[in-house]
Amino acid sequence: MIHILGNVDKWKCEYKKCNAKCCTPGIPLTIADIKRITALGYSPGDFLESDDANQELRIKNKNGRCFFLGEKLECTIRENEPLVCRLLPFKIMEVSYADEPIMRLKPVVDCPGKGSGKKIDKKKIEADATSFLRENQQLIRNMRKKGAKGVLEEL
Ligand code: SF4
């Protein structure tokens, strides 16, 4: 179940105005995200860090920002960006697998792109959020069983 808290009708990513503030280190990845990125020619060791304690695979930090943030603040993997980045202008507030999978999303605070650009396709956001929940749940199970090393060996 996806809960979108707060409303944004239109949005355009104004990354130059906010200094790409969403492109922080540690964006969580699913296996499908990792496969899309490695298909571009990156090897997992280039851009991935693992967190066995939290059962997460994340994008590495480069100079305090996301590894894929370019010199002009552009996303250098734009067409293949991770599911979490596709949820913008919403950020994940909570993910829970207690009973049924739940994700709560909230608009990014002080985003300068809110209100301009294209109409937000909520159905697409919900579909991407649902994919993340499903893929992330699978990743958590596999990380518990095999650890990051075992999961990455199967890529
Ligand atoms: S993958 Fe691209 S959009 Fe996502 S945080 Fe990194 S630079 Fe930003």
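See the structure printed just above.
Residues numbered from 1 in each chain as written. Predicted model: local features only at pLDDT ≥ 70, side-chain atom pairs only at ≥ 80, totals over all residues. Heavy atoms only, no water.

Caption draft 1: Molecular detail of the nonpolar core. In this structure, Leu-29, Phe-47, Leu-57, Ile-59, Phe-68, Met-103 and Leu-105 are the most contacted members of the largest nonpolar core, which totals 34 residues. Where this core is concerned, the elements lending two or more residues are helix H2 (31-38), strand E5 (56-59), helix H4 (83-86), strand E9 (102-107) and helix H5 (122-153). Of all the elements, H5 adds the most residues to this core, at eight residues. Setting aside residues up to four positions removed in sequence, Phe-47 forms contacts with Leu-29, Ile-34, Ile-37, Thr-38, Tyr-42, Arg-58, Ile-59, Lys-60, Phe-67 and Phe-68. (Core = buried A, V, L, I, M, F, W, Y, C linked by side-chain atoms within 4.5 Å. Buried < 20%, exposed > 50% of the residue type's maximum accessible area, 1.4 Å probe, protein only. Helix = DSSP H or I, 4+ residues; strand = E, 2+ residues; numbered from the N terminus. Contact = heavy atoms within 4.5 Å.)

Caption draft 2: Seen up close, the sheet that holds strand E8 (residues 90-96). Across the sheet, three strands lie side by side as E1-E9-E8; this open sheet has mixed pairing. Pairing within the sheet leaves two strands with one partner each, and these edge strands are strand E1 (2-4) and E8. Looking at each pair of strands side by side, their axes are set apart by 20° on average, direction ignored. Note that E8 and E9 share six bridges and pair antiparallel. (Pairing = 2+ DSSP bridges. Axes fitted to C-alpha atoms, helices over the stretch in contact; angles between N-to-C directions.)

Caption draft 3: Highlighting the side chain of Asn-136. Along the chain, Asn-136 turns up in helix H5. The residues touching Asn-136, leaving out its near neighbours within four places in the chain, are Thr-30 and Tyr-97.

Caption draft 4: How the structure looks around the site of the ligand. The ligand sits among Cys-23, Ile-27, Cys-66, Phe-68, Leu-69, Cys-75, Ile-77, Glu-81, Pro-82 and Cys-85. The class makeup of the residues in the shell around the ligand is nine nonpolar, no polar and one charged. (Near = heavy atom within 4 Å. Nonpolar A, V, L, I, M, F, W, Y, C, P; charged D, E, K, R; others polar.)

Caption draft 5: View of the pattern of salt bridges. The tally for this structure, following the rule as stated, stands at ten salt bridges. In this structure, Asp-128 and Lys-124 form a salt bridge, with 2.7 Å as the shortest nitrogen-oxygen distance. You can see Asp-128 and its partner Lys-124 sitting in helix H5, four residues apart, about one turn around the helix. We classify Asp-128 as buried; its relative accessible area is 11%. Lys-146 is the partner of Glu-154 in a salt bridge, and the nearest nitrogen-oxygen pair spans 3.0 Å. For Glu-154, a relative accessible area of 52% gives the class exposed. Each of Glu-49, Asp-51, Glu-56 and Arg-58 takes part in one network of salt bridges that share partners. (Salt bridge = Lys/Arg side-chain N within 4 Å of Asp/Glu carboxyl O.)

Caption draft 6: Region of the structure containing H2. Turning to H2, its buried residues number three or more, namely Asp-33, Ile-34 and Ile-37. Considered in projection along H2, the buried side chains sweep an arc of 95° and stay on one side of the axis. Where H2 is buried, its residues contact strand E3 (28-29), helix H3 (44-47), strand E4 (48-51), E5 and H4. (Arc of directions from axis to C-beta.)

Caption draft 7: Broad picture of the environment of Asn-54. Along the chain, Asn-54 turns up in the loop between E4 and E5. The sequence separation of Asn-54 and Ala-148 amounts to 94 residues, and the corresponding C-alpha distance is 11 Å. Of the polar contacts made by the side chain of Asn-54, one reaches the side chain of Asp-51; its length is 2.8 Å. (Polar contact = N/O pair within 3.5 Å; in protein donor to acceptor, adjacent residues only side chain to side chain.)

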